[in-house]
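Inside the fold
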Amino acid sequence: MRNFDFSPLYRTAIGFDRLFDLVENSHTNNAGGFPPYNIEQSQENQYRITMAVAGFSQDEVDITQQKNSLIVAGKKGARNQDTKFLYQGIAERDFERKFQLDDHIKVTGADMENGMLHIDLVREVPEEDKPRRIEIGSRLLESTE
């Protein structure tokens, strides 16, 4: 993969250095394409991650959110060693997928149906972080009492 030098952009993009670091390091989050997943946006602030986890039960899949990171891991239970496969096309190996989440993204629920894991997310921006209009000529006075 080609490396990009974002350092010239640091001069004009105040506060975006973390974003550029995420882009630079995104190629290290490679799980070999397993399990495959989709990311959907159903509404302006609602998202869904859908992962194909055929062969895994709910007890074998763990979902963890920590700060701006979502980790989905699957550990397959012990298999009967007497089974002899003539052909094995269903991958039943352990996996771990990491998703980098934006600020204020929260997991609201997860369901598993027909071998598909659905993780619902929502962006909840606090009122103090939402954009507000500033009138020209007005002063915001802080209380000094």
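In this text, all values refer to a predicted model and were calculated from it rather than measured experimentally.

Moving on to the packing of aromatic side chains. A complete count under the given rule lists 3 aromatic pairs for this structure. Measuring from ring centre to ring centre gives 5.0 Å for Tyr 37 and Phe 99, while their planes differ by 90°; the resulting arrangement is edge-to-face. Pair noted here: Tyr 37 is in strand S1 (residues 37-43) and Phe 99 is in strand S5 (residues 95-100), with a separation of 62 residues, a long-range link. The partly exposed category is assigned to Tyr 37, whose relative accessible area is 35%. The exposure class assigned to Phe 99 is buried, which follows from its relative accessible area of 8%. Taking 5.2 Å as the distance between ring centres and 85° as the angle between the ring planes, the aromatic pair formed by Phe 56 and Phe 95 counts as edge-to-face.

Turning our eyes to something else, we now look at the sheet that holds S1. If you walk across this open sheet you meet the 4 strands as S1-S2-S7-S6, and the pairing is antiparallel. Because the sheet does not close on itself, it has two edges, and the strands there are S1 and strand S6 (105-113). In this sheet, adjacent strand axes meet at a mean angle of 20° when their direction is disregarded. Note that S1 and strand S2 (residues 46-52) share 6 bridges and pair antiparallel. The residue bridging Gln 43 from the neighbouring strand is Gln 46, located in S2.

Rules of the game
- Residues numbered from 1 in each chain as written.
- Predicted model: local features only at pLDDT ≥ 70, side-chain atom pairs only at ≥ 80, totals over all residues.
- Heavy atoms only, no water.
- Phe/Tyr/Trp six-rings, centres within 6.5 Å; stacked < 30°, edge-to-face > 60°.
- Helix = DSSP H or I, 4+ residues; strand = E, 2+ residues; numbered from the N terminus.
- Buried < 20%, exposed > 50% of the residue type's maximum accessible area, 1.4 Å probe, protein only.
- Pairing = 2+ DSSP bridges.
- Axes fitted to C-alpha atoms, helices over the stretch in contact; angles between N-to-C directions.

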